[in-house]
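A closer look at the structure
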Amino acid sequence: MSGQTVSMKEPVCLIENDSDGKLRVVRSALDILDKIDQHVVVVSVVGLYRTGKSYLMNKLAGERKGFALGATIQSKTKGIWMWCVPHPEKRDHTLVLLDTEGLGDVEKGDEKNDNWIFSLAVLLSSTLVYNSMGTIDNNALEKLHYVTELTEHIKVKSNQRDGEESSEYLRYFPSFVWTVRDFTLTLEVDGRPITANEYLENALKLRTGHSKKDQAYNLPRSCLRNYFSPRWCFVFERPASGDKMRRMEELTDADLEPAFVEQAKEFCDHVFNEAKTKTLKQGLKVTGRLLGNLAETYVSAIRSGQIPCLDNAVLALAQIENSSAIERARAHYQKGMADWVAYPTETQEELSEVHAVMEKEAVAIFINNSFKDEDQKYQLELMKVLQEEYEKICERNYKESQKACESKIECIFAPLEEKIRDGSYMTPGGYKEYCNDLKLATSEYRSEGGRGVKAEEVLKEYLERKASIGQAVLSADESLTEAEQRAEAEQARREASERENRAMEEQLVVQERLRADQQRTYEENVNQLMERMERDSRNAIAEHDRVLQARLKEQNDLLQQGFDDKAHQMQREIDALKGAKAQEEEKKPSFMSTALDTVGTAATLFLPGILPKVGGMAVKWLSKWF
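Residues numbered from 1 in each chain as written. Predicted model: local features only at pLDDT ≥ 70, side-chain atom pairs only at ≥ 80, totals over all residues. Heavy atoms only, no water.

Looking up the protein in an unreviewed UniProt entry gives the name Interferon-induced guanylate-binding protein 1, with the organism given as Salmo salar. The UniProt entry for the protein carries the following comment under Sequence similarities (unreviewed entry): "Belongs to the TRAFAC class dynamin-like GTPase superfamily. GB1/RHD3 GTPase family." (UniProt positions renumbered as here; feature names shortened; annotations may be inferred.)

Structural data, given as structure tokens:
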């Protein structure tokens, strides 16, 4: 997906506390996100205060300065700060970096606020970085108690039951990276070298006991294992001496320990290459504008004392985004037609060709920016909107053609009008002269360009008004016998009939083209709808696969660690995931057929030119996909 992005010179506050201590979204930050049409990769960093979170985020932004580092024991970052930059690796993507307020700040002492900051970081990011100092031990995991409380601060469904399967959270939650700073241990277990990832997974192993102490030990580990997949770990040596550490913003890589510089590079490379596009349920990819709406939706729920509900947020966003998608598509269509149509067009086909291009682009804009369009309600509205816009343009084209033709007639037939006024034709032989002048003027008019789609109709109407004058000139011409006058009158009627036929043929060509336009409109919408539904279905199945593989891996780990009972209990969840995937695959043809029938039946109300029995065309379109 290509689109607009921004490149911020420095971070801005996205979410802050107001004077009452409540969280609120900063309007100026939303305005920045609103300009980003590209898909976004959102990386949030969380962790205890004064652990060096901001340094990592500055490295990801490719800058030494930006997020405040500070050199004292006081926390510098308050709320959630945002920095948007073009993604260094993913084309047509924007990297959104979110640096969060340090957790456990003794000066602030607000545990509730910390929980909401942590929850918002989880909700908004596609990759969550947890930053800590020293080692991953039980003390470090106990400090990460925020993860054990996530289900108290985030709901997947409005009617969610206690103990909702963790797979529901896996659909929404980001990947997880644990960064361990000032790490001094050797990555080794039982004399065997291990990777940082293995170090993390080893630290997350559960105890087999059932005592309260064992349950407390297992709780944060189980939550991390159940809610976040995949997981990675990076360890960092101390970057420099204590004196240099107080001047981190002034230092270059040359001033830091080479091992730390290399470790920081490996971390950044991992994020650039592995951090995924932010998605919602069923693989819906998030743009900057949608991310801003998400932040507003979640913070609004928190401010009102509610628990953010993921499914409800998606439904609310769908209404906002789908309505916006219609307006964006309309605006693109209007601008394109205004830029490319020169009135009057010489033919209806010329106008139709521009309409076809701009309509296709408008439908694509809607398709790419809409989601959860139940019963294709919004797409049908778009079809109606674009048809109305096209009708307005056609009406203007008719009027401009009328004006152009009348202007040309006024100029070309001016000498004939002058002779009529001074009575030049009211003499013997005058009728023949009148007919010759009329024929010459008519021929000249028809040879002129720029007349548009009503050329023959306007000419016919003009000459109809002159018929009585021609009859008067004929009656006054004494050089013609009675028989000759009858013959001339008959010739005049034949010529009038010919003009009538030419005008009717002209309008029939226009009407036939308009009917073809409506048929093409339907087919274009159906084609793009089918492509979108096919893409959505693939995304939904891929999501099922991702979650299923994560649960199968966790089940296997439990079996290897001797937790047979837990592994057996997980089988119910795994079976449910397999069933959901099978249902998704089975329902696709019938769901697409229903969507086609809905679009076809409703479209006949405002596209009367489309083929009858549109619903029966479902077989034709579905055969392209199955």
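1. A short note on the pattern of salt bridges
Going through the model one piece at a time under the given rule, you end up with 41 salt bridges. Lys408 is the partner of Glu448 in a salt bridge, and the nearest nitrogen-oxygen pair spans 3.4 Å. Linking Glu448 in the loop between helix H16 (430-447) and helix H17 (455-476) with Lys408 in helix H14 (residues 377-412), this pair joins segments that are 40 residues apart in sequence. For Glu418, the salt bridge is made with Arg421, and the minimal N-O distance between the two is 2.9 Å. One end of the pair is Glu418 and the other is Arg421, both in helix H15 (residues 414-422) and three residues apart, which spans about a single turn. Since its relative accessible area comes to 60%, Arg421 is described here as exposed. A single salt-bridge network, built from bridges that share partners, covers Asp37, Arg289, Glu321 and Arg328. (Salt bridge = Lys/Arg side-chain N within 4 Å of Asp/Glu carboxyl O. Helix = DSSP H or I, 4+ residues; strand = E, 2+ residues; numbered from the N terminus. Buried < 20%, exposed > 50% of the residue type's maximum accessible area, 1.4 Å probe, protein only.)

2. Observations regarding the nonpolar core
Counting residues in each nonpolar core, the largest one holds 103 residues, and the members touching the most others are Met82, Phe118, Trp178, Phe228 and Phe267. With eight residues, helix H3 (residues 111-124) is the single largest residue contributor to this core. Among residues more than four places away in sequence, those in contact with Phe228 are Val122, Leu128, Val147, Leu150, Leu170, Phe173, Pro174, Phe176 and Cys223. (Core = buried A, V, L, I, M, F, W, Y, C linked by side-chain atoms within 4.5 Å. Contact = heavy atoms within 4.5 Å.)

3. Describing the packing of aromatic side chains
This structure, assessed with the given rule, holds 16 aromatic pairs. Taken together, the ring pairs connect Tyr130, Tyr169, Phe173, Phe176, Trp178, Tyr227 and Phe228 into an aromatic cluster. Positioned over the ring face of Tyr445 is Arg451, at 5.1 Å from the centre of the ring. (Phe/Tyr/Trp six-rings, centres within 6.5 Å; stacked < 30°, edge-to-face > 60°. Lys NZ or Arg CZ within 6 Å of the ring centre and 35° of its normal.)

4. Some details on the environment of Glu237
Among the structural elements, Glu237 can be located in the loop between strand S10 (231-235) and helix H9 (242-245). For Glu237, a relative accessible area of 37% gives the class partly exposed. The spacing of Glu237 and Glu257 is 20 residues in sequence and 8.2 Å in space, taken between C-alpha atoms. If near-sequence neighbours (up to four positions away) are discounted, Glu237 is found in contact with Asp182, Phe183, Ala259, Phe260 and Gln263.

5. What to know about empty space enclosed by the protein
Enumeration over the complete set of coordinates arrives at one cavity of 30 Å³ or more. The space that makes up the largest cavity amounts to roughly 30 Å³. Looking at the largest cavity, the residues that line it are Val122, Leu123, Tyr172, Lys278, Leu280, Tyr298 and Leu310. Classifying every residue of the lining of the largest cavity by side-chain character gives six nonpolar, no polar and one charged. (1 Å grid on protein atoms, 1.4 Å probe; cavity = no way out; pocket = protein on both sides within 12 Å on 5 of 7 lines; lining within 4 Å. Points joined across faces, edges and corners; volume = space filled by probe spheres on them. Nonpolar A, V, L, I, M, F, W, Y, C, P; charged D, E, K, R; others polar.)

6. Quick notes on the pairing of strand S5 (residues 93-100)
Of all eight residues in S5, eight are buried, a share of seventy percent or more. Taken together, the seven bridges between strand S3 (residues 39-47) and S5 define a ladder with parallel strand orientation. By the bridge assignment for S5, Val43 is matched with Leu97. Where strand S4 (residues 80-86) meets S5, seven bridges bridge the pair, whose relative direction is antiparallel. Pairing of Trp81 across the sheet is with Asp99, part of S5. (Pairing = 2+ DSSP bridges.)

7. A closer look at the packing of helix H12 (residues 310-340) against helix H13 (residues 348-369)
For the pair H12 and H13, interaxial distance at closest approach is 8 Å and the crossing angle is 155 degrees. Relative to H13, the element H12 lies roughly antiparallel. Between H12 and H13 the crossing geometry is right-handed. Seen from H12, the contacting residues are Glu321, Asn322, Ala325, Ile326, Arg328, Ala329, His332, Tyr333, Gly336, Met337 and Trp340; seen from H13, they are Leu351, Val354, His355, Met358, Glu359, Glu361, Ala362, Ile365, Phe366 and Asn369. When grouped by side-chain class, the residues that make up the contact of H12 with H13 number 12 nonpolar, five polar and four charged. (Axes fitted to C-alpha atoms, helices over the stretch in contact; angles between N-to-C directions. Parallel < 35°, antiparallel > 145°, perpendicular 65-115°, else oblique. Left-handed = near helix turned anticlockwise from the far one by under 90°.)

8. Observations concerning H17
Spanning 22 residues, H17 covers 31 Å between terminal C-alpha atoms, matching the ideal 32 Å at 1.5 Å per step. On its buried side, H17 packs onto H14, H15, H16 and helix H18 (482-560). (Expected span 1.5 Å × (residues − 1).)

9. Examining a negative patch on the surface
On the surface, a cluster of negative charge is made up of Glu346, Glu349, Glu350 and Glu353. Among the secondary structure elements, Glu350 is positioned in helix H13. (Patch = residues over 30% accessible without salt bridge, like charges linked within 9 Å, V, L, I, M, F, W, Y side chains within 5 Å. Areas by Shrake-Rupley, 256 points an atom, 1.4 Å probe, with all protein chains shown as cover. Lys, Arg positive; Asp, Glu negative; His and termini not counted. Charge placed at Lys NZ, Arg CZ, Asp CG, Glu CD.)

10. Considering the packing of helix H11 (residues 288-303) against H12
Axis separation between H11 and H12 bottoms out at 10 Å; the angle between their running directions is 140 degrees. With respect to each other, H11 and H12 are oriented oblique. Note that H11 runs across H12; the crossing there is right-handed. Here Arg289, Leu290, Asn293, Leu294, Thr297 and Tyr298 of H11 come into contact with H12, specifically with Leu310, Ala313, Leu317, Ile320, Glu321, Ser324 and Arg328.

11. Describing the side chain of His544
Within the secondary structure, His544 is located in helix H18. Those residues in contact with His544, other than ones at most four positions away along the chain, are Arg171, Leu577, Ala580, Lys581 and Glu584.

12. Some words on unusual backbone geometry
Ser229 connects to Pro230 through a cis peptide bond whose omega is 0 degrees. Tracing the sequence through the fold places Pro230 in the loop between helix H8 (212-227) and S10. With an omega dihedral of -10 degrees, the bond running from Tyr343 to Pro344 counts as a cis peptide bond. Residue placement: Pro344 occurs in the loop between H12 and H13. The residue Lys372 is not glycine, and still its phi comes out positive at about 45 degrees. We note that Gln376 has phi near 55 degrees; this positive angle belongs to a residue other than glycine. Tracing the backbone shows Gln376 in the loop between H13 and H14. Given the relative accessible area of 7%, Gln376 is considered buried.

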